[in-house]
Amino acid sequence: MVFSPDGDWLYFISNRPLPGYSLSALINGPGQELYPMLVADGSLCFSAAREDSMGERDSYRAAYVDGAFTEPRTFRSLRPVK
């Protein structure tokens with residue numbers, strides 16, 4: 001569970017259907033999302049098992065742009081290529 005920096009929102013993990021209280025399908029994938037964390041720029045970081053995971057689970061970041069979260073990208077995809 002994590003609060004937004006302004007304290008207006010509470011993000012939490014649940015496997016119960018809560019209509020109207022879910023983030024977009026971009027965030028709520030078919031796998032289990034765990035360990036939500038908001039960072040200073042408003043991005044949501046979390047761990048999840050998804051098709052592009054390298055192992056059983058990977059870490060993802062979804063930027064917060066214009067009032068919505070963007071499609072999550074794995075942390076390994078965010079590293080600059082040398």
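So, here is what we can say about the structure in this document. Chains are numbered independently. Their residues run from 1 in the order of the written sequence. Only residues with pLDDT of at least 70 are given local features in this predicted model, and only at 80 or more are side-chain atom pairs given and counted; all residues enter the totals for whole chains, interfaces and linings. Values reported for side chains reflect all heavy atoms of the structure, with hydrogen atoms and water molecules removed beforehand.

**A word on the environment of Ala 48**
Next, step 1: Numbering of helices and strands runs from the N terminus; a helix is a DSSP stretch of H or I covering at least four residues, while a strand is a stretch of E covering at least two. Positionally, Ala 48 belongs in strand β4 (residues 44-48).
Next, step 2: Among the residues examined, Ala 48 registers a relative accessible area of 0% and is labelled buried.
Next, step 3: Residue contacts for Ala 48: discarding those within four places in its chain leaves Gln 32, Glu 33, Ser 53, Arg 57, Asp 58 and Tyr 60. When accessible area is computed with a 1.4 Å probe and restricted to protein chains, residues below 20% of their type maximum are described as buried, those above 50% as exposed, and intermediate ones as partly exposed. Pairs of residues are marked as contacts when any of their non-hydrogen atoms sit within 4.5 Å.

**Quick look at the packing of aromatic side chains**
Next, step 1: Here a pair means two rings of Phe, Tyr or Trp (six-membered ring of Trp) with centres within 6.5 Å. Their orientation is stacked below 30 degrees between planes, edge-to-face above 60, and tilted elsewhere. Overall, the coordinates contain three aromatic pairs when judged by the stated rule.
Next, step 2: With a centroid separation of 6.1 Å and 75° between ring planes, the pair formed by Tyr 11 and Phe 69 is classed as edge-to-face. Taken together, the residues Tyr 11 in strand β2 (residues 10-11) and Phe 69 in strand β7 (residues 68-69) connect sequence positions 58 residues apart.
Next, step 3: According to the relative accessible area criterion, Phe 69 is buried, its value standing at 12%.
Next, step 4: Judged by centre distance (5.8 Å) and plane angle (20°), the rings of Phe 46 and Tyr 60 are stacked.

**Topic: the nonpolar core**
Next, step 1: Val 2, Tyr 11, Ile 27, Leu 38, Leu 44, Phe 46, Ala 48, Tyr 60, Ala 62 and Phe 69 together form the largest nonpolar core, which totals 10 residues.
Next, step 2: Broken down by secondary-structure element, the contributors of at least two residues to this core are β4 and β5 (58-62).
Next, step 3: The greatest single-element share of this core, amounting to three residues, is contributed by β4.
Next, step 4: Beyond its immediate chain neighbours, meaning those up to four positions away, Leu 38 contacts Val 2, Phe 3, Ser 4, Pro 5, Tyr 11, Ser 43, Leu 44 and Phe 69. Put simply, a nonpolar core is a bunch of buried Ala, Val, Leu, Ile, Met, Phe, Trp, Tyr and Cys residues held in one set by side-chain atoms that sit within 4.5 Å of each other.

**Description of the pairing of β5**
Next, step 1: Along β5, the buried face is formed by Asp 58, Tyr 60 and Ala 62; none of Ser 59 and Arg 61, which line the opposite face, is buried.
Next, step 2: Sheet topology note: the β4/β5 ladder contains five bridges and is antiparallel. Note on β5: the bridge partner recorded for Leu 44 is Ala 62.
Next, step 3: As judged from the two bridges shared by β5 and strand β8 (residues 73-74), these two strands associate in the antiparallel manner. Each bridged residue has a counterpart across the sheet, and for Arg 61 the counterpart in β8 is Arg 73. Should DSSP find at least two bridges between two strands, the strands are taken to pair.

**Re the sheet that holds β4**
Next, step 1: Reading across the sheet, the four strands line up as β3-β4-β5-β8 and stay open at both edges, with antiparallel pairing between neighbours. Single-partner strands in this sheet number two, and they are β3 (33-38) and β8.
Next, step 2: In this sheet, β4 lies alongside β3 in antiparallel orientation, the contact comprising four bridges. The partner of Leu 34 across the bridge, within β4, is Ser 47.

All quantities given are derived from atomic positions and should not be read as evidence of function.
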